[in-house]
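Structure assessment
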2 protein chains.
Amino acid sequence: MNTEAASAPEADRLAALHAVLESGSVVKAKRMLNALHPGEMAHVLQSLPPQQRRLVWSMVEDGAEGQVLLFLNDDLRDELLRDMAPSRILAAAGGLETDDLADLVQDLPATITREVLNSLDEQRRERLETALAFPEDTAGGLMNTDMVTVRPEVTLDVVMRYLRRLKEGLPDLTDNLIVVNREGRYLGVLYLTDLVTNDPDDSVAEVMTLQVQPMLATLDARDVASRFEQLDLVSAPVVDEDGHLLGRITVDDVVDLIREEADHQFMGQAGLSETEDMFAPVLLSARRRALWLGVNLLTALLAAWVIGRFEATIQQVVALAVLMPIVASMGGIAGTQTLTLAIRGIATGHLTAKNMRWLLRKEMAVAVINGVAWALVIAAIAWTWFGSAHIAMIIAAAIGINLLTATLTGALLPLLLERLGIDPALAGGVILTTVTDVVGFLAFLGLATLLLV
Amino acid sequence: MNTEAASAPEADRLAALHAVLESGSVVKAKRMLNALHPGEMAHVLQSLPPQQRRLVWSMVEDGAEGQVLLFLNDDLRDELLRDMAPSRILAAAGGLETDDLADLVQDLPATITREVLNSLDEQRRERLETALAFPEDTAGGLMNTDMVTVRPEVTLDVVMRYLRRLKEGLPDLTDNLIVVNREGRYLGVLYLTDLVTNDPDDSVAEVMTLQVQPMLATLDARDVASRFEQLDLVSAPVVDEDGHLLGRITVDDVVDLIREEADHQFMGQAGLSETEDMFAPVLLSARRRALWLGVNLLTALLAAWVIGRFEATIQQVVALAVLMPIVASMGGIAGTQTLTLAIRGIATGHLTAKNMRWLLRKEMAVAVINGVAWALVIAAIAWTWFGSAHIAMIIAAAIGINLLTATLTGALLPLLLERLGIDPALAGGVILTTVTDVVGFLAFLGLATLLLV
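None of the values given here were measured: they were computed from a predicted structure.

1. Observations regarding the overall build of chain A
- The helix and strand inventory of chain A stands at 23 helices and six strands.
- The C-alpha radius of gyration of chain A comes to 29 Å, more than 25% above the 22 Å expected for a compact globule of 453 residues.
- If one aligns the C-alpha atoms of chain A with their principal axes, the spans along those axes are about 90 × 60 × 50 Å.
- Per-residue burial over chain A gives 49% buried out of 453 residues.
- In chain A, the share of contacts with a sequence separation of at least 24, taken over all contacts with a separation of at least 6, comes to 70%.

Here you go:
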């Protein structure tokens, strides 16, 4: 058994593949690659620069292509799909489970989608259409329709006989069988662990678990994820409003969801999409980045315009130009801390309109303490540096004002943006720094104009 | 069946509990609370402000306390543990599985840890000591030692008889039984789905899966997470260097790990810890925030000092003071984008020293395109605003220099910091903005001094 190699970090295995690729041994590289799980092949592809990527993609065996596409981030998947012949896409789609197919179909051009739909048998087409009927970010959009159901009145022995006759075995990540009544309404689940540890003569009704609450197909994906996290689920049944079983959600899709949501938060703050491919074409990246730089230029120009209003004051007291970035930057830092806490709180569901005023009160108390403390420190520095008590007082007041404004903005902005349907992870940071720059410069230079000139 | 209520979003259930709490009906609130899963109780606690939190914590039934503590973030857990009597902590620890107990024990004062260890029977104490022997951020630190093993030579029928005799049933999240030889070396896994779908007369050896590679106990937690993600695992066996089975890792702990790592990245950029409790005591929060504000003040002072070197120049051309924040801010934005991409790349394992030069080349190409484009736009704006071709040329050059420096820093910094053992998620942003501020002001004011004065 080759424990050593199997447990080696990704980087080492990737390095081994790299070495083989560089040695030009295509046959060996192909064998190494196709011994991997589709998720690992996707990982390798995403770690490769464009040219090697095309070479490696051409080495993936036909049967695995569909699965590999699913594990890729959206950007790279779109790029590869664009270059694939329709017949090859059809073949790749053929081997997929319904929920996976639903994910893939949404990225295909309409003509190919039609061909894919036509190539399916009636049962699969119906299932696919059910899956496509729900938005991607709901329980219905996440669910898989491949599952095994049982009736409550049969014995465990009968269940096991039934399972042994299943030609295809049980779907991946099956930790329970779903118990439904004659009308297809959800009743409970029969865990495999209970199936194998109880008396074969017991009935399903006696052994099944009733506590597993099904999820409504319309439930928000974020709530699906927090229920999986809070209840430590492997899979969860999905029902319609009348309690009819529609499908099941498995933890692998929830893990992807959590990763995507987290990436969205992290990347969004820099104006990047969570689907951003590290080795995307230069022109595509440049265009996307340009947009964000443009947005930020507008806010920088606004700040510059505020400073411009005080040109005369600065000309008389140049120390103001030296100190003004400090006022803006301290406000930006304090505001970002509160903003980050609030965005995370909304994402985890810990922060709602109900407990908002508690957070605001606490954050403002923190801001008052730090506002006073740092205002004094900075005033002392400014006094020592420029020998002017007036400038020291002015910068202390401006720091205090900016820290309080920044905290207020950081706390209230995320919930406000959510209510307006604007994504706080994307817009929050830009709006906040605009506020802290403008208020910082305005307070500092404004007070200076009033008191010094 | 109450499908509706069960599928209601967290916020609604929390609101219902809030309403009952406010109505003062303690008995009803207690019943509602204790009907929840420990993960849900933890969620409720984290959403409550301090006073209500203490009230609700006192309502949690003794048997659930240990589990609830595990689902809380570290800060709140520590706070609650501090107020608990040793006897109550012992009781809470009693009901936990070994890996969970190991997590909890690490947060306890040494005296109580000793008491907990003494209260365990020998088998549990040994298991706990095994779990505590590995660092928290390795496969060994994540693993659970409660698992069921079988021998390859027995039949499935014998396995099922054995399972039915297990008094406690199978551990949570058991999707497979682990097959070991006489010496306790790992051989493979027997999926429950295969156990129930194959002929009872087949032997374990015939039905077991050999492809599941065990993880070494020393494997880094981040690699554990990416293997779970890439292979869609529910659980994975953990072995020592000789292939002896030590325990198993389950997906619920991996989900927590992914969430923590993501929170760390997101919160770290604002100098916050991923364990930060939204409703932490004001003084604790103020102290922690103060540290970050202090670090940032140092970088702001450095930038101010750079500006201070050019006081004479600014006095002559006040337009420079107006425009200089634009140069610093555009550099900061461009650099942050590259930095974010690189930090995410390292976290996902897509970026390594091997493919670093590809990323650098691509990002520099993007920076050249955007540097030239935005330098021209900003030059045009500056020319229109201040009517000086000289200032326009100077700001264009400074923007170009700063965008290139920022991108170079953003790309190289994360790998460099990793190599130095410094956390890029925490330090990356501060160092980057220090560089972009200093280089931005220096390039702009320096060129102006050379060319204008």
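2. Remarks on the domain arrangement of chain A
- Per the domain assignment, the segments of chain A are domain 1 (3-137), domain 2 (149-268) and domain 3 (282-452).
- Spacing between the C-alpha centres of domain 1 of chain A and domain 2 of chain A amounts to 27 Å.

3. Some words on the packing of helix H6 (residues 62-71) of chain B against helix H9 (residues 98-105) of chain B
Residues and elements named next belong to chain B.
- Contact geometry of H6 with H9 gives a least axis separation of 10 Å together with a crossing angle of 65°. With respect to their mutual orientation, H6 and H9 come out roughly perpendicular. Once H6 is placed against H9, the crossing between them reads as left-handed. Taking contact as the criterion, the partners of Gly 66, Leu 69 and Leu 70 in H6 are, on H9, Asp 100, Asp 103 and Leu 104.
- Its residues assigned to classes, the contact of H6 with H9 comprises three nonpolar, one polar and two charged.

4. Some details on the relation of the copies chain A and chain B
- Each copy of the sequence occupies a distinct position, and chain A is placed on chain B by a rotation of 180° and an axial shift of 0.0 Å, giving an RMSD of 0.1 Å. Expressed as a symmetry operation, the mapping of one chain copy onto the other fits a two-fold axis.
- Taken as a fraction of all interface residues of chain A, those also at the interface in chain B reach 100%, which identifies the copy contact as same-surface.

5. Structural notes on the sheet that holds strand S2 (residues 176-180) of chain B
All names here are of chain B.
- Judged by pairing direction, the sheet is mixed, and its three strands sit side by side in the order S1-S2-S3 without closing on themselves. Of all strands in the sheet, those with a lone pairing partner are strand S1 (149-150) and strand S3 (186-191), marking the two edges.
- Pairing of S2 with S3, which is carried by five bridges, proceeds in the antiparallel orientation. Its bridge partner being in S3, Val 179 is matched across the sheet by Gly 188.

6. Section: unusual backbone geometry
- Its identity as a non-glycine residue notwithstanding, Asp 232 of chain A has a phi of 50°, on the positive side.
- For Asp 232 of chain A, the location among the structural elements is in the loop between helix H16 (221-231) and strand S5 (235-239).
- At Leu 173 of chain B, a residue that is not glycine, the phi angle is positive and equals roughly 55°.
- Locating Leu 173 of chain B in the fold gives a position in the loop between helix H13 (156-165) and S2.

7. A word on the sheet that holds strand S3 (residues 186-191) of chain A
- A sheet is described by the order of its strands in space; here three strands give the open sequence S1-S2-S3 (chain A), paired in mixed fashion. In this open sheet, the two strands that pair with only one neighbour each are strand S1 (149-150) and S3 of chain A.

8. Quick look at helix H21 (residues 356-386) of chain A
- If you check H21 of chain A, its first and last C-alpha atoms are 42 Å apart, about what 31 residues at 1.5 Å a residue would give, namely 45 Å.
- Contacts made by the buried residues of H21 of chain A are with helix H20 (319-348) and helix H22 (389-419) of chain A together with helix H18 (282-308) of chain B.
- Just downstream of H21 of chain A lies Gly 387 of chain A, where phi reads positive at about 60°.

9. Overview of the packing of H20 of chain A against H22 of chain A
All names here are of chain A.
- Axis separation between H20 and H22 bottoms out at 8 Å; the angle between their running directions is 25°. By the angle class used here, H20 and H22 are roughly parallel. Between H20 and H22 the crossing geometry is right-handed.
- For the contact of H20 with H22, a count of residues per class yields 19 nonpolar, ten polar and one charged.

10. Let's talk about the confidence of the model for chain A
Residues and elements named next belong to chain A.
- Looking at chain A, pLDDT values average 90 and 97% of them are 70 or higher.
- No element of chain A has a lower mean pLDDT than helix H1 (residues 3-7), at 41, and none a higher one than S3, at 97.
- Scored below 50 in pLDDT, residues 1-7 shows ten contacts in the model against residues more than four places distant or in partner chains.
- Here the complex is predicted with pTM 0.89, and the ipTM for its interfaces comes to 0.88.

11. Looking at the environment of Ser 285 of chain A
- Considering the arrangement of structural elements, one finds Ser 285 of chain A in helix H18 (residues 282-308).
- With 24 C-beta atoms counted inside 10 Å, the residue Ser 285 of chain A sits in the buried group.
- With 80 residues separating them in the primary sequence, Ser 285 of chain A and Ala 365 of chain A have C-alpha atoms 42 Å apart.
- In contact with Ser 285 of chain A, other than residues within four places in its own chain, are Ala 280 of chain A together with Val 366 of chain B.

12. Some words on the environment of Ile 314 of chain B
Residues and elements named next belong to chain B.
- Considering the arrangement of structural elements, one finds Ile 314 in helix H19 (residues 311-316).
- Judged by the 24 C-beta atoms lying within 10 Å of it, Ile 314 falls in the buried class.
- For Ile 314 and Leu 452, which are 138 residues apart along the polypeptide, the C-alpha to C-alpha distance reads 11 Å.

13. So, the pairing of strand S5 (residues 235-239) of chain B
Residues and elements named next belong to chain B.
- Burial within S5 is extensive, with five of its five residues counted as buried.
- What you see with S5 is no split at all: Ser 235, Pro 237 and Val 239 on one side and Ala 236 and Val 238 on the other are buried throughout.
- Two elements, strand S4 (residues 215-216) and S5, share two bridges in a ladder whose sense is parallel. Residue pairing for S5: Leu 216 is matched across the bridge by Val 239.
- Strand direction decides the pairing type here: S5 and strand S6 (residues 245-250), joined by five bridges, are antiparallel. Its bridge partner being in S6, Ala 236 is matched across the sheet by Ile 249.
- Hairpin remark: S5 followed by S6, antiparallel, with five residues in the connecting loop; positive phi at Gly 243, about 85°.

14. A closer look at the environment of Asp 103 of chain B
- Along the chain, Asp 103 of chain B turns up in helix H9.
- Given 21 C-beta atoms within a 10 Å radius, Asp 103 of chain B is considered buried.

15. Considerations on helix H7 (residues 74-83) of chain A
- All of the buried residues in H7 of chain A are Asp 75, Leu 76, Arg 77 and Leu 80 of chain A.
- Where H7 of chain A is buried, its residues meet helix H4 (38-46), helix H5 (50-59) and helix H6 (62-71) of chain A.

16. Remarks on the pairing of S3 of chain B
- Taken across its six residues, S3 of chain B has six buried, putting it largely inside the fold.
- Taking the residues between adjacent antiparallel strands as the criterion, S2 of chain B and S3 of chain B are bridged by five residues, where Gly 184 of chain B takes a positive phi near 80°.

Rules and cut-offs
Residues numbered from 1 in each chain as written. Chains lettered and ligands numbered in written order. Predicted model: local features only at pLDDT ≥ 70, side-chain atom pairs only at ≥ 80, totals over all residues. Helix = DSSP H or I, 4+ residues; strand = E, 2+ residues; numbered from the N terminus. Rg over C-alpha atoms; globule rule 2.2 N^0.38 Å. Buried ≥ 20, exposed ≤ 12 C-beta atoms within 10 Å, placed from the backbone. Contact = placed C-beta atoms within 7 Å. Domains from an automatic or database assignment. Axes fitted to C-alpha atoms, helices over the stretch in contact; angles between N-to-C directions. Parallel < 35°, antiparallel > 145°, perpendicular 65-115°, else oblique. Left-handed = near helix turned anticlockwise from the far one by under 90°. Nonpolar A, V, L, I, M, F, W, Y, C, P; charged D, E, K, R; others polar. Least-squares fit on C-alpha atoms with pLDDT ≥ 70 in both. Pairing = 2+ DSSP bridges. Expected span 1.5 Å × (residues − 1). pLDDT = per-residue confidence, 0-100.

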